Amino acid sequence: MLTRNWLMNPENVAYCDENEILPHFARAFGIHDLKEWVDRLRAEPNAEGFVLKGENRTAVKLFIPNLVFREPIEMGENVWLYLGEMYPAYCLYIPWDEAAEGEKP
């Protein structure tokens, strides 16, 4: 069961560059529009997220932890991917552009 305490355990979380991991997950789970669903949740955040059914009896839950739980968690403003307790929860992030990083105040 997905709980805040479960996500707070570092052994249950993997932080992934979404540009690298989403194409792999899309192929592996047979959810070919996975990137579009992630973008949709980012553009229209909601506490329910989305449950996407893939091929071969797979399902993926997309969610934003800081909208689900009362107290925020580290990187909880990002879209996360949950496959069940047998797998880590995947925090999807987009790395900072090195050129833009020099421009930050």
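What counts as what
Residues numbered from 1 in each chain as written. Predicted model: local features only at pLDDT ≥ 70, side-chain atom pairs only at ≥ 80, totals over all residues. Heavy atoms only, no water. Buried < 20%, exposed > 50% of the residue type's maximum accessible area, 1.4 Å probe, protein only. Helix = DSSP H or I, 4+ residues; strand = E, 2+ residues; numbered from the N terminus. Pairing = 2+ DSSP bridges. Phe/Tyr/Trp six-rings, centres within 6.5 Å; stacked < 30°, edge-to-face > 60°. Expected span 1.5 Å × (residues − 1). Arc of directions from axis to C-beta. Axes fitted to C-alpha atoms, helices over the stretch in contact; angles between N-to-C directions. Parallel < 35°, antiparallel > 145°, perpendicular 65-115°, else oblique. Contact = heavy atoms within 4.5 Å. Nonpolar A, V, L, I, M, F, W, Y, C, P; charged D, E, K, R; others polar.

Visitor: Describe the pairing of strand β5 (residues 89–93), and please don't skip the residues or the numbers.
Guide: Counting buried residues in β5 gives four out of five residues, a clear majority hidden from the surface. With five bridges connecting them, strand β1 (residues 13–17) and β5 associate as parallel partners. If you follow Y15 over to β5, its bridge partner there is C91. Between strand β4 (residues 80–82) and β5, which pair antiparallel in sequence order, lie six residues; one of them, G84, sits at a positive phi of approximately 125°.

Visitor: Tell me about the packing of aromatic side chains, residues and numbers included.
Guide: Using the criterion set out here, one finds six aromatic pairs in the structure. Measuring from ring centre to ring centre gives 4.9 Å for W37 and F50, while their planes differ by 65°; the resulting arrangement is edge-to-face. One end of the pair, W37, is in helix α3 (residues 34–43); the other, F50, is in strand β2 (residues 50–53), with 13 residues separating them in the sequence. Here the aromatic cluster, defined as three or more aromatic residues joined through ring pairs, consists of Y15, F63 and W80.

Visitor: Residues and numbers for helix α2 (residues 18–29), please.
Guide: Note: α-helices contain 3.6 residues per turn, so residues at a spacing of three or four share the same orientation. Taking 1.5 Å of rise per residue, 12 residues should cover 16 Å, and α2 covers 15 Å from first to last C-alpha, within 8% of that figure. Inspection of α2 places E18, I21, L22, F25, A26 and F29 among the buried residues, and these make up the whole buried set. Along the axis of α2, the buried positions cluster into a sector of 135°, meaning they face one direction only. Counted as exposed and oriented over 90 degrees from the buried face of α2: E20 and R27.

Visitor: Before we move on, could you go through the packing of α2 against α3 and cite the residues and values that matter?
Guide: Two quantities define a packed helix pair, namely the angle between the axes and the distance from one axis to the other. Taken N-terminus to C-terminus, the directions of α2 and α3 make an angle of 130°; their axes are 9 Å apart at the nearest point. With respect to α3, the element α2 is oriented oblique. Contact residues: E18, L22, F25 and A26 in α2; L34, K35, V38, D39 and R42 in α3. The class makeup of the residues in the contact of α2 with α3 is five nonpolar, no polar and four charged.

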